[in-house]
Amino acid sequence: MAIAHVTDQNFTKETAEGLVLADFWAPWCGPCKMIAPVLEEIDGEMEDKVQIVKLDVDENQETAGKYGVMSIPTLLLFKDGNVVDQVVGFQPKEALVDLINKHA
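Computed from a predicted structure; not experimentally measured.

## Observations regarding the nonpolar core
Link 1 in the chain: The biggest cluster of nonpolar side chains holds 17 residues, and the ones touching the most others in it are Leu 21, Leu 39, Ile 42, Val 50, Leu 75, Leu 96 and Ile 100.
Link 2 in the chain: With five residues, helix H2 (residues 30–46) is the single largest residue contributor to this core.
Link 3 in the chain: Sequence-distant contacts of Leu 75, defined by excluding residues within four places in its chain, comprise Leu 21, Ala 22, Asp 23, Ile 35, Leu 39, Asp 85, Gln 86, Val 87 and Leu 96.
Link 4 in the chain: With 16 residues, the next largest nonpolar core counts Val 20, Ala 26, Val 53 and Val 69 among its residues.

Printed below as a string of structure tokens:
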């Protein structure tokens, strides 16, 4: 399944079921650009375990505010609509895979 770009309007619906890794990012953010290919790899390898969504914080400030996102990239892991884990800043692939497997 491809990485979905979500908005304030559909964020709750897209994170409501199963395991979802939400990437809060912005186009101007260097570390966000660095983590993007890592997330693409994980999506290709773990699509049966986790759905990955990306939320542009500049265009969707309501959702970013709701979850207290102050720094980007912030990755929130949702399980059936509830936040079960969070990491801030660039993370190596292995750390993200471990994070997902911990809750899968």
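## With respect to the pattern of salt bridges
Link 1 in the chain: Following the criterion strictly, the structure yields five salt bridges and no others.
Link 2 in the chain: The shortest N-O distance in the salt bridge between Lys 102 and Asp 85 comes to 3.2 Å. Of this pair, Lys 102 sits in helix H4 (residues 93–103) while Asp 85 sits in strand E5 (residues 82–88), and the two are 17 residues apart along the sequence.
Link 3 in the chain: For Asp 85, a relative accessible area of 17% gives the class buried.

## Details of the pairing of strand E4 (residues 74–79)
Link 1 in the chain: Across the six residues that make up E4, a large majority, five, are buried.
Link 2 in the chain: Bridge count between strand E2 (residues 19–25) and E4: six bridges; the pairing is antiparallel. Looking across to E4, one finds that Ala 22 is bridged to Leu 76.
Link 3 in the chain: Examined bridge by bridge, E4 and E5 share six bridges and lie antiparallel to one another. Of the residues in E5, the one forming a bridge with Phe 78 is Val 83.
Link 4 in the chain: The hairpin turn running from E4 into E5, its antiparallel successor, is two residues long, and Asp 80 in that turn takes a positive phi close to 50°.

## As for the sheet that holds strand E3 (residues 51–56)
Link 1 in the chain: Reading across the sheet, the five strands line up as E1-E3-E2-E4-E5 and stay open at both edges, with mixed pairing between neighbours. Pairing within the sheet leaves two strands with one partner each, and these edge strands are strand E1 (4–6) and E5. When the angles between neighbouring strand axes are averaged without regard to direction, this sheet yields 25°.
Link 2 in the chain: Of the strands in this sheet, E2, E3 and E4 are in contact with H2, which crosses E3 at around 155°.

## Observations regarding the state of the cysteines
A covalent bond between the sulfur atoms of two cysteines is what we call a disulfide.
Link 1 in the chain: With the rule as written, the count across this model stands at one disulfide.
Link 2 in the chain: The partner cysteine of Cys 29 in its disulfide is Cys 32, sulfur to sulfur 2.3 Å. Taking the sign of the torsion about the S-S bond as the criterion, the disulfide between Cys 29 and Cys 32, at about 80°, is right-handed.
Link 3 in the chain: Overall, Cys 29 belongs to the buried group, its relative accessible area being 3%.

Procedures and definitions
- Residues numbered from 1 in each chain as written.
- Predicted model: local features only at pLDDT ≥ 70, side-chain atom pairs only at ≥ 80, totals over all residues.
- Heavy atoms only, no water.
- Core = buried A, V, L, I, M, F, W, Y, C linked by side-chain atoms within 4.5 Å.
- Buried < 20%, exposed > 50% of the residue type's maximum accessible area, 1.4 Å probe, protein only.
- Helix = DSSP H or I, 4+ residues; strand = E, 2+ residues; numbered from the N terminus.
- Contact = heavy atoms within 4.5 Å.
- Salt bridge = Lys/Arg side-chain N within 4 Å of Asp/Glu carboxyl O.
- Pairing = 2+ DSSP bridges.
- Axes fitted to C-alpha atoms, helices over the stretch in contact; angles between N-to-C directions.
- Disulfide = S-S within 2.5 Å.

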